[in-house]
Amino acid sequence: MAEESGLDLVEIAAEAKPPVCKIMDFGKYRFEKEKREKEIKKKQQTVELKELQLRCRIDVHDFNTKLNKALEFLSKGNRVKVIVKFFGREMAHTENGTALLAKFAESCEETGVIEKPAKLDGRNMIMILAPKKQANQSKGR
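It should be emphasised that the depicted structure is a prediction, and the values quoted were computed from it without experimental measurement.

**Q** Account for the sheet that holds strand β4 (residues 79-85), with residues named and values stated.
**A** Think of a sheet as strands paired side by side through backbone hydrogen bonds, with each pair either parallel or antiparallel. Across the sheet, four strands lie side by side as β3-β4-β6-β5; this open sheet has mixed pairing. Both edges of this open sheet fall to β3 (49-55) and β5 (112-121), since each of them pairs with a single strand only. In this sheet, adjacent strand axes meet at a mean angle of 20 degrees when their direction is disregarded. Looking at chain direction, β3 and β4 are connected through seven bridges and run parallel. If you follow E51 over to β4, its bridge partner there is K81. Contacts from helix α3 (residues 60-75) reach β3, β4, β5 and β6 (124-131) within the one sheet, and its direction differs from that of β3 by about 165 degrees.

**Q** I'd like a description of unusual backbone geometry, backed by residues and values.
**A** Put simply, K17 and P18 share a cis peptide bond, and its omega is -10 degrees. Secondary-structure assignment places P18 in the loop between β1 (8-13) and β2 (20-24).

**Q** Just give me the short version of the environment of D8, but keep the residues and values in it.
**A** Among the secondary structure elements, D8 is positioned in strand β1. For D8, a relative accessible area of 35% gives the class partly exposed. Measuring from C-alpha to C-alpha, the distance between D8 and V60 comes to 69 Å, with 52 residues separating the pair along the chain. Ignoring sequence-local partners within four residues, the contact set of D8 consists of A2, K22, I23, M24, D25 and F26. Here F26 takes part through its backbone nitrogen, which lies 3.1 Å from a polar atom of the side chain of D8.

So, how was this worked out
Residues numbered from 1 in each chain as written. Predicted model: local features only at pLDDT ≥ 70, side-chain atom pairs only at ≥ 80, totals over all residues. Heavy atoms only, no water. Pairing = 2+ DSSP bridges. Helix = DSSP H or I, 4+ residues; strand = E, 2+ residues; numbered from the N terminus. Axes fitted to C-alpha atoms, helices over the stretch in contact; angles between N-to-C directions. Contact = heavy atoms within 4.5 Å. Buried < 20%, exposed > 50% of the residue type's maximum accessible area, 1.4 Å probe, protein only. Polar contact = N/O pair within 3.5 Å; in protein donor to acceptor, adjacent residues only side chain to side chain.

Purely geometric stuff here, so don't read any function into it on its own.
See below:
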């Protein structure tokens, strides 16, 4: 029947008993399927994890520059990983890093929330911020 009508016999569900087949134009079917998949992929929003590195003795202007970058990342819907690096004797004063990250999180309060609080990991202190919209959605689930 498929050959008579100039179409293809396409197996839809091979696992079914008996297998499900359709008579259709396979090229057109494949094109439509790829088009649907592209449309779905286009609508998906990928959330990236952006990273910012700070030092314990960071100056005000440098801090504000990093803060502006973080706010930009959060407004675009990306998560931000903020790292404070400790060098040499700075390890003896990790409370400075904690205070710096607390100040950073407080400054980002409008657009982001703390997803993972500040935690010492070797010579680095790490904190992860997430955009507010995303945080509200994950709480609602």
